[in-house]
Structure formats: C-alpha cells, structure tokens
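Summary of structural features
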Amino acid sequence: MSAPPVDGTDSTGELPTPATGSLAARQAELVAALVAGGPPPPGFAPAPLAAARAALLRKRAGEVARHWPLLAAGLGRRWPAAFVEWAADRPNLGGLRDGWELARALHTRHALPALGAEELAAREATHRYDGTTAPRHRRWPAIGRADRAVAVQLAGRVRLLRSAR
C-alpha cells in the first residue's frame with residue numbers, strides 16, 4: 001500500500017475538480033457577494049453580509065483616495081457616497097485603476113470636480129491607460145485633458161494649464 005501523493009493530485013496524477021457546492025465554490029460565491037455585487041449565497045444572513053460589504057467598500061474608497069487625493073478632495077463630503085455608488089457592482093482593480101475609471105466616468109457624466117479634472121489630466125499626460133491593462137508611463141511628450149484642465153508632459157515634467165472660467 002502506497003502513501004497518497006503530497007501535491008494534492010489523485011492516484012492518476014490529476015487534480016480533483018471542485019464539486020458543485022464544494023468549499024471552493026461556496027467561497028467564490030461569498031467573495032462575489034462581498035466585492036462584486038453578487039447575490040448573497042445560501043445560508044448567509046443578509047444583514048451581516050451587507051455590513052461586511054459596506055465596510056469593504058469604505059476601505060476600498062480609502063485606498064482610492066490615497067491614489068487620487070484631489071479627486072476625493074474635489075468631491076468633499078460626497079466622496080464616500082459617490083465612490084460606493086460607482087463601485088457597488090464593479091470588481092476591485094486596485095486603487096489607481098479604480099480611481100482612474102471613476103474619474104473617467106464622472107468626466108463622461110460632466111460631474112467631475114475641478115480638482116479631479118486637474119488630477120485626471122495630469123495622469124492622462126504622464127501615463128497610458130486603456131482600461132484593461134495596468135497604466136504605463138509615457139516616454140514621449142503628451143497632453144492630457146479633462147474639462148477645463150490641460151496638462152502637458154515634457155521630459156518627465158508636468159505643467160498644468162488652467163483655463164479661465
């Protein structure tokens with residue numbers, strides 16, 4: 001009689017597939033409910049699940065505010081609610097990308113505050129971001145625009161130009 005393999009494979013050398021209702025499937029349902037707007041999994045009380053979800057969204061809003069301080073400051077007291085409304089059904093992409101997506105969404109809706117527009121214009125001038133992959137630094141001179149803010153990047157330096165209102 002031989003000992004079972006230590007790498008998690010069965011006797012044929014294959015990894016077992018998770019069965020429906022397995023621990024992995026239930027964990028995936030719980031994670032989806034907490035961070036991606038999924039339905040509550042069976043067996044979980046809705047109130048504590050909603051409280052945990054709200055706490056995770058607040059924590060995520062704080063992370064985004066660290067990456068996008070002018071956007072958060074521009075929204076002021078509306079920041080937490082604006083972020084939670086936007087992020088409620090979106091997976092976490094990280095503070096930098098989440099803030100970028102939110103700033104672009106607010107810009108599209110003409111709801112981006114002036115400070116957020118300046119910060120977005122500067123980011124657009126210094127980085128390339130296509131919405132699917134991680135932002136990359138630009139190597140050549142570039143211009144970023146958002147509302148009345150224009151940022152010019154040349155030789156790694158950014159100059160912000162503000163237009164008169």
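These lines cover the structure that appears in this document, whether it is placed above or below. (Residues numbered from 1 in each chain as written. Predicted model: local features only at pLDDT ≥ 70, side-chain atom pairs only at ≥ 80, totals over all residues. Heavy atoms only, no water.)

1. Focus: the environment of Arg 90
Threshold: Here a helix means four or more residues in a row that DSSP labels H or I, a strand means two or more in a row labelled E, and each is numbered from the N terminus. Contacts between residues were defined by any pair of non-hydrogen atoms, one from each residue, lying within 4.5 Å. Polar contacts, as used here, are pairs of N or O atoms within 3.5 Å; protein pairs need one atom able to donate a hydrogen and one able to accept it. Residues neighboring in sequence count only if both atoms are side-chain atoms.
Its place among the elements puts Arg 90 in the loop between α4 (79-87) and α5 (95-108). Separated by 55 residues in sequence, Arg 90 and Val 35 have C-alpha atoms that sit 7.6 Å apart. The contact partners of Arg 90, leaving out residues within four places of it in the chain, are Val 35 and Arg 60. At 2.3 Å, the side chain of Arg 90 forms a polar contact with the backbone oxygen of Trp 86.

2. Here's the deal with the pattern of salt bridges
Convention followed: What makes a salt bridge here is a side-chain nitrogen of Lys or Arg within 4 Å of a carboxyl oxygen of Asp or Glu, nothing more. The buried label applies to any residue whose accessible area, calculated with a 1.4 Å probe on protein chains only, is under 20% of its type's maximum; exposed applies above 50%, and partly exposed to all values in between.
Here the structure, examined in full by the defined rule, presents three salt bridges. Two residues, Arg 60 and Asp 98, come together in a salt bridge whose shortest N-O distance is 2.8 Å. Residue Arg 60 is found in helix α2 (residues 46-67), and its partner Asp 98 is found in helix α5; the two are separated by 38 residues along the sequence. In this pair, the class of Arg 60 matches that of Asp 98, namely buried. Arg 90 is the salt-bridge partner of Asp 89, the closest N and O atoms lying 3.8 Å from each other. Judged by relative accessible area, which is 53%, Asp 89 ranks as exposed. The class of Arg 90 is partly exposed, set by a relative accessible area of 33%.

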